[in-house]
Amino acid sequence: MLSALSLASYAADSPFFDTSRPENPVTFGLRVGMNSSGVATNYMDLQPELIQSNFYWHSGYQAGAVAALNIRKFFAVEVGAYWQHRGYDASLMAANAVDDYMGSQFVRVRYNVITIPVTLSWKVNLQSQTVVSFDCGPYFSYGISGKKKLDSYIAFGEDEGQLVFDHTISEPNYFNADSREFLAVQRLDVGVQMGIGFTFFKHYMLGINYMHSLKNVAKNYEGGTDYTLRNCGWNFVMGYNF
C-alpha cells in the first residue's frame, strides 16, 4: 500500500520531500488514544529464590494536546502534554528449601501520570492530502497517583513439623511506597519515544509510538538490592490539528 501511495505522490501537487516554508509556523492539536504499558526489571536475576517472575502488559488510555514549531514543511519540533492512565500486572513464585518456605504473589498496578514528549518530526508527502511523519525524541513523565494491590500467599514449615499457610492482601500507594517495599518506584521518569504518524487533509491524524525509560525508576535504599525497573509502552493516538 505504501509503495502504491509513494508512486502516486509523484503525480501529486506536493513534492515527496517539501523543503519550502510552512504557511503556519506554529500549529496546535488535540490527541486521544489507547496505550499498552509494562515494565522491564532485573528481579529474576537478583533473587535466586525466585522460581517464576512474570510481568504482564495492561491496556490504558490517554488524552492531551500538542504544539508544533514548523521549521520547514518537512521538519518540525513538537511538544505535547498528556494525561495517561497506565498499568501492569505481575505474578511471582519463590521457594527456599533451607528455610522450608514457598510463596507466591500477584500484583495489580494502576497509575496516572503527566507525560511531556519533545520530538523531532520529519515529514514526507505520500499524496497531496496524505503526510507521513517519523518522530523521535525524549519524554518526561511525572506520577500523579496510583495504587498497587498485593495478593500474597505463603506456606512454611514450623519446627514441630506443622505446615502453616498465610494469605494477605494490601493496597499501598504506588508512588508513596517505602523504598523497602516490593515494586517501590519514583514519580519522575525520563526516556525516549519514537514512532510514526499519518496526517490526512491537513487536520486528521493517526499515530503509533513506542516509549522506554532511560532512567531507573526503582527506589533502592543504601545497602539493599540494586533493583532495576524501567517503564515501557506503546501509544496509539488519533487527533485533530487546528
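Along each chain, numbering runs from 1 in the same order as the chain's sequence is written. Restriction of local features to residues with pLDDT of at least 70 applies here, the model being predicted, together with a cutoff of 80 or more for giving and counting side-chain atom pairs; totals for whole chains, interfaces and linings are based on all residues. With hydrogens and water stripped out, all remaining heavy atoms of the structure feed into the side-chain values.

### A look at the packing of aromatic side chains
Note the cut-off: Within 6.5 Å between ring centres, the rings of Phe, Tyr and Trp (the latter by its six-membered ring) count as paired, and their orientation is classed by plane angle as stacked under 30 degrees, edge-to-face over 60, tilted in between. Throughout, exposure labels follow a simple rule: accessible area from a 1.4 Å probe, protein chains only, divided by the maximum for the residue type, with under 20% read as buried, over 50% as exposed, and the rest as partly exposed.
Counted by the stated rule, this structure contains 16 aromatic pairs. Pairing Tyr-174 with Phe-175 gives two aromatic rings, centres 5.0 Å apart and planes at 65°, and the pair type is edge-to-face. When sorted by exposure, Tyr-174 lands in the same class as Phe-175, which is buried. Grouped by ring-pair contacts, the aromatic residues Tyr-43, Phe-55, Tyr-88, Tyr-111, Tyr-174, Phe-175, Phe-182 and Tyr-227 constitute a single cluster.

### Here we look at the environment of Asn-54
Rule in force here: A helix here means a DSSP run of H or I that spans at least four residues, while a strand means a run of E at least two residues long, and both kinds are numbered starting from the N terminus. By definition, residues are in contact when any of their heavy atoms lie within 4.5 Å. By the criterion applied in these results, polar contacts are pairs of N or O atoms within 3.5 Å in which, for protein atoms, one can donate a hydrogen and the other can accept it, and in which residues neighboring in sequence qualify only through two side-chain atoms.
With respect to the secondary-structure elements, Asn-54 resides in strand 2 (residues 50–72). Using a relative accessible area of 27% as the deciding quantity, one classes Asn-54 as partly exposed. For the pair Asn-54 and Ala-184, spaced 130 residues apart in sequence, the C-alpha to C-alpha distance is 17 Å. With residues near it in sequence (within four places) discarded, Asn-54 still touches Asp-89, Ala-90 and Ser-91. A polar contact is formed between the side chain of Asn-54 and the side chain of Tyr-56, at a distance of 3.4 Å.

### A short note on a nonpolar patch on the surface
Note the cut-off: Residues form patches when they are more than 30% accessible in relative terms and have no salt bridge. Like charges link within 9 Å. Nonpolar side chains (Val, Leu, Ile, Met, Phe, Trp, Tyr) link within 5 Å. For accessible areas, the Shrake-Rupley method is used with a probe of radius 1.4 Å. Any residue's cover is judged against the shown protein chains and nothing else. The salt bridge definition used is simple: a Lys or Arg side-chain nitrogen within 4 Å of an Asp or Glu carboxyl oxygen.
Taken together, the side chains of Met-34, Trp-57, Tyr-61, Val-79, Trp-83, Ile-114, Ile-116, Phe-140, Ile-144, Trp-234 and Phe-236 present a nonpolar region at the surface, about 1000 Å² in accessible area. Breaking the nonpolar patch down by element, the ones donating at least two residues are strand 2, strand 3 (75–96), strand 4 (101–127), strand 5 (130–157) and strand 9 (229–241).

### Comments concerning the pattern of salt bridges
In this structure the tally under the stated criterion is 3 salt bridges. A salt bridge links Lys-73 to Asp-18; the nearest nitrogen and oxygen atoms lie 3.9 Å apart. Taken together, the positions of Lys-73 in the loop between strand 2 and strand 3 and Asp-18 in the loop between helix 1 (2–9) and strand 1 (26–41) put the pair 55 residues apart, joining distant regions of the chain. When its relative accessible area of 30% is taken as the criterion, Lys-73 is described as partly exposed. Residue Asp-18 is classed as buried on the basis of its relative accessible area, which comes to 12%. Here Asp-89 ties to Arg-110 by a salt bridge, and the two come within 3.1 Å at their closest N and O atoms. Linking Asp-89 in strand 3 with Arg-110 in strand 4, this pair joins segments that are 21 residues apart in sequence. Exposure remark for Asp-89: the relative accessible area of 23% places this residue in the partly exposed category. Accessibility expressed as a relative area gives 13% for Arg-110, which makes it buried. One connected set of salt bridges, linked through shared partners, spans Asp-18, Glu-23 and Lys-73.

These figures capture arrangement, not role.
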